[in-house]
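Single-letter residue listing:
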Amino acid sequence: LAKTTQPISMDSYEGQEVNITCSHNNIATNDYITWYQQFPSQGPRFIIQGYKTKVTNEVASLFIPADRKSSTLSLPRVSLSDTAVYYCLVVLNNNDMRFGAGTRLTVKP
Amino acid sequence: DAMVIQNPRYQVTQFGKPVTLSCSQTLNHNVMYWYQQKSSQAPKLLFHYYDKDFNNEADTPDNFQSRRPNTSFCFLDIRSPGLGDAAMYLCATKAGTRTEKLFFGSGTQLSVL
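In this report, we go over the structure that sits alongside the text. (Residues numbered from 1 in each chain as written. Chains lettered and ligands numbered in written order. Predicted model: local features only at pLDDT ≥ 70, side-chain atom pairs only at ≥ 80, totals over all residues. Heavy atoms only, no water.)

1. Some points on the state of the cysteines
Covalent bonding between the sulfur atoms of two cysteines defines a disulfide. All chains considered together, the criterion is met by two disulfides over all chains. Covalently, Cys22(A) is tied to Cys88(A) through a disulfide, its sulfur atoms 2.2 Å apart. Its torsion about the S-S bond being -75 degrees, the disulfide of Cys22(A) and Cys88(A) is classed as left-handed. Within this pair, whereas Cys22(A) is found in strand S2 (residues 18–23), its partner Cys88(A) is found in strand S8 (residues 84–91), the two being separated by 66 residues in sequence. Across the pair, Cys88(A) and Cys22(A) agree in class, each one buried. Across the disulfide, Cys23(B) is cross-linked to Cys91(B) (sulfur-sulfur distance 1.9 Å). Judged by the torsion about the S-S bond (-70 degrees), the Cys23(B)/Cys91(B) disulfide is left-handed. Taken together, the residues span a long stretch of sequence, with Cys23(B) in strand S3 (residues 19–25) and Cys91(B) in strand S9 (residues 87–94) at a distance of 68 residues. The same class applies to Cys23(B) as to Cys91(B), namely buried. (Disulfide = S-S within 2.5 Å. Helix = DSSP H or I, 4+ residues; strand = E, 2+ residues; numbered from the N terminus. Buried < 20%, exposed > 50% of the residue type's maximum accessible area, 1.4 Å probe, protein only.)

2. Observations regarding the interface of chain A and chain B
If you look at the interface, chain A gives 21 residues, while chain B gives 25 residues. Along the contact surface separating chain A from chain B lie one salt bridge. A salt bridge links Arg98(A) to Glu57(B); its shortest N-O distance comes to 3.0 Å. In this assembly, chain A and chain B are joined by eight residue pairs in polar contact (both at pLDDT 80 or more). At the level of secondary structure, the elements contributing two or more residues to the side of chain A that touches chain B comprise strand S3 (32–38), strand S4 (45–50) and S8 of chain A. Take the side of chain A that touches chain B: its biggest share by element is four residues, from S3(A). Here the residues of the side of chain A that touches chain B are counted per class, giving nine nonpolar, nine polar and three charged. (Contact = heavy atoms within 4.5 Å. Salt bridge = Lys/Arg side-chain N within 4 Å of Asp/Glu carboxyl O. Polar contact = N/O pair within 3.5 Å; in protein donor to acceptor, adjacent residues only side chain to side chain. Nonpolar A, V, L, I, M, F, W, Y, C, P; charged D, E, K, R; others polar.)

3. Focus on the pattern of salt bridges
Side chains that carry opposite charge are capable of pairing whenever their charged atoms lie near each other. Here the structure, examined in full by the defined rule, presents five salt bridges over all chains. Asp77(B) is the partner of Arg67(B) in a salt bridge, and the nearest nitrogen-oxygen pair spans 2.7 Å. Within this pair, whereas Arg67(B) is found in strand S7 (residues 64–67), its partner Asp77(B) is found in strand S8 (residues 73–78), the two being separated by ten residues in sequence. Taking relative accessible area as the criterion, Arg67(B) reaches 39% and is therefore assigned partly exposed. Note on Asp77(B): relative accessible area 13%, which makes it buried. Beyond isolated ion pairs, a larger network of salt bridges with shared partners links Asp96(A), Arg98(A) and Glu57(B).

Worth remembering: the numbers are spatial, not functional.
Okay, here's the thing in structure tokens:
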């Protein structure tokens, strides 16, 4: 099972771009990288998923280098409402959806 | 419209008294999950169903059981809750093995007195 490592916490200010990097050194060929966002007292919410290179949607971008041993979630121009915990998942068995420790992002005014 | 519904939102039980948490979904997804999340921790996978196939995590205590009578409903039974079982319990669904997108309910916050 591909283990993920993320920073425990990050601080940012409103309007800044935030990049959260996840390490997954033993990612397998068929594994996808998925990111979730969780607000207090709510279930996690899917943000973005990728396999390689770059993926962008209306919420975030995901950058994955060629060796796929890490990935970076990029949040453009964060606001206070982006304060949340962000989880990186590398899914081995398609149904084996386990969460790592996550990164607690605090956006300050 | 809520797609994964968990009831109740808050549940209080007594030490050792069996409790059942429920989850229903309108997405017709064939995979359903139960997670336990304690304060300031990541969600911990307890078990999941792929259709009627039950998959238990190796470290899930025997005190936790689950039932899935049909596609729409899944239940978490805690046979003898201890103080350490107080947590948020999250239900999630997924549309099969070819996606990694989970849909979560709002969770049930369980207190054990």
